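Chain residues, written in single-letter form:
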Amino acid sequence: MKAIVVGGGIGGLAAAVSLRRVGWEVVVHERAAAFGEIGAGVGVMPNALRALEWMGVADEVRRLGTPRVSGGVRAVDGRWLVHLPDVGQEKVIAMHRADLHGVLLRALPSEILFTDTEVTSADDLDADLVVAADGINSRLRAELLPDAPGPVYAGATAWRGVAPGPCDLPISQTLGPGGEAGVLPLGDGRVCWYVAAVAPAQADLDPVALFADWHDPLPELLASTPDVIRHDIYHLPLLPTFVKGRVALLGDAAHAMTPYLGQGACMALEDAVTLALCNGDLARYDALRRPRTQSVWKGSRMAGRFGIELRSPIALALRNFAFRVMPPSLAIQGMTRFSSWNVPEVHSNGSNPAVK
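Residues numbered from 1 in each chain as written. Predicted model: local features only at pLDDT ≥ 70, side-chain atom pairs only at ≥ 80, totals over all residues. Heavy atoms only, no water.

**A word on unusual backbone geometry**
The amide bond that connects D216 to the next residue, P217, takes the cis arrangement and shows omega of 5°. Here P217 shows up in the loop between α6 (207-210) and α7 (218-224). Despite not being glycine, D116 has its phi angle at roughly 55°, a positive value. With respect to the secondary-structure elements, D116 resides in the loop between β8 (113-114) and β9 (129-132). (Helix = DSSP H or I, 4+ residues; strand = E, 2+ residues; numbered from the N terminus.)

If you want it as structure tokens, here you go:
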């Protein structure tokens with residue numbers, strides 16, 4: 001059985017690694033001139049680590065990443081609203097997106113990887129399975145579901161970067177009026193960070209000025225970062241299906257979501273493993289992945305409404321109070337609600353193994 005993966009990002013490469021693990025012949029086509037990943041940090045959540053474990057690459061992820069043992073949520077003045085010093089080493093592994101992408105790339109033979117390839121139609125591809133992992137603006141999705149809505153602006157702009165450090169910081173999220181920030185320290189002293197603010201699309205904004213009065217070291221991190229990536233946040237309205245014929249949508253092409261739960265890349269890794277275990281049974285893949293990812297999509301939207309979108313001083317005070325009185329066990333339960341996924345046991349077409 002032959003599969004063609006369109007898109008060489010984290011989701012596409014994970015699909016190729018996973019499909020090869022269950023015996024598929026795989027080719028990956030990437031539109032860019034070289035395989036690579038832009039962006040800053042990614043938190044490899046427990047669900048993502050379980051997917052990477054099944055792929056056989058989790059040990060390298062652990063080696064390159066930085067297990068964190070503390071974290072929480074802060075107010076703009078730096079006070080902890082929720083502080084979880086006992087998160088545990090396997091809860092979140094912090095790493096640069098490019099490092100995670102490199103782990104997956106090295107797990108694939110170079111002869112199946114093709115760059116500078118523009119794929120505009122699945123009809124042009126000779127394969128038993130076509131994996132559309134071509135991102136939020138997927139051309140294959142537009143062909144597959146011509147009546148489905150396209151990406152929608154989510155009402156906020158984000159900036160990301162990697163500050164040189166050295167810093168020794170916990171993982172943290174800071175919530176303020178109409179904005180939020182996140183810090184994801186790496187093991188070499190660098191710090192991956194993001195900030196986001198409610199704003200019109202393509203607004204001319206200076207993140208250093210916007211977050212100048214937020215707690216230390218956020219202003220210093222932004223000011224000391226040489227290369228800052230800015231993007232308006234879009235999400236993809238919920239789709240009626242992720243499959244049609246021999247084509248399966250995966251990752252952002254299927255369920256691009258707001259970043260407020262940090263689960264976007266994690267969902268793509270789950271998709272990849274599940275698709276491989278379904279072994280060509282795309283109806284089963286759709287039945288397993290659409291409810292799961294759309295639940296997380298909704299959770300991320302809710303997190304945005306409870307977080308970055310709040311501006312009223314009364315609403316902010318009530319939210320912060322709720323965080324402060326929340327028992328740590330309840331906070332951990334909330335954090336792990338969306339990361340409790342396990343590799344499914346799937347018996348499809350009578351041929352693929354059941355993996356717990």
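**A word on the packing of helix α1 (residues 10-21) against helix α9 (residues 264-278)**
Remark: α1 packs on α9, axes separated minimally by 8 Å, with the N-to-C direction vectors making an angle of 25°. When the interaxial angle is binned, α1 and α9 end up roughly parallel. In this structure, α1 crosses over α9, and the sense of that crossing is right-handed. In contact with I10, G11, A14, A15, S18 and L19 of α1, α9 contributes A268, L269, A272, V273 and A276. Class assignment for the residues of the contact of α1 with α9 results in nine nonpolar, two polar and no charged. (Axes fitted to C-alpha atoms, helices over the stretch in contact; angles between N-to-C directions. Parallel < 35°, antiparallel > 145°, perpendicular 65-115°, else oblique. Left-handed = near helix turned anticlockwise from the far one by under 90°. Contact = heavy atoms within 4.5 Å. Nonpolar A, V, L, I, M, F, W, Y, C, P; charged D, E, K, R; others polar.)

**Considerations on the nonpolar core**
Across soluble globular proteins, nonpolar side chains have a tendency to be buried as a group. Counting residues in hydrophobic clusters, the biggest one holds 81 residues, and the most contacted among them are L52, M55 and L104. With residues up to four places along the chain from it excluded, the contact list for L104 reads I10, L13, A14, V17, L52, M55, V57 and L269. By size, the runner-up hydrophobic cluster in this structure holds 14 residues, among which are W159, L169, A181 and V195. (Core = buried A, V, L, I, M, F, W, Y, C linked by side-chain atoms within 4.5 Å. Buried < 20%, exposed > 50% of the residue type's maximum accessible area, 1.4 Å probe, protein only.)

**Here we look at the sheet that holds strand β13 (residues 191-198)**
Pairing within the open sheet is mixed, and its seven strands lie in the order β6-β5-β11-β12-β13-β10-β14. Looking at which strands have only one partner, the edges of the open sheet turn out to be β6 (80-84) and β14 (229-235). Taking the axes of each pair of neighbouring strands and ignoring which way they run, one obtains an average angle of 20° across the sheet. Across four bridges, strand β5 (residues 71-75) lies against β6 in antiparallel orientation. Across the sheet, the residue bridging to G71 is L84, located in β6. (Pairing = 2+ DSSP bridges.)

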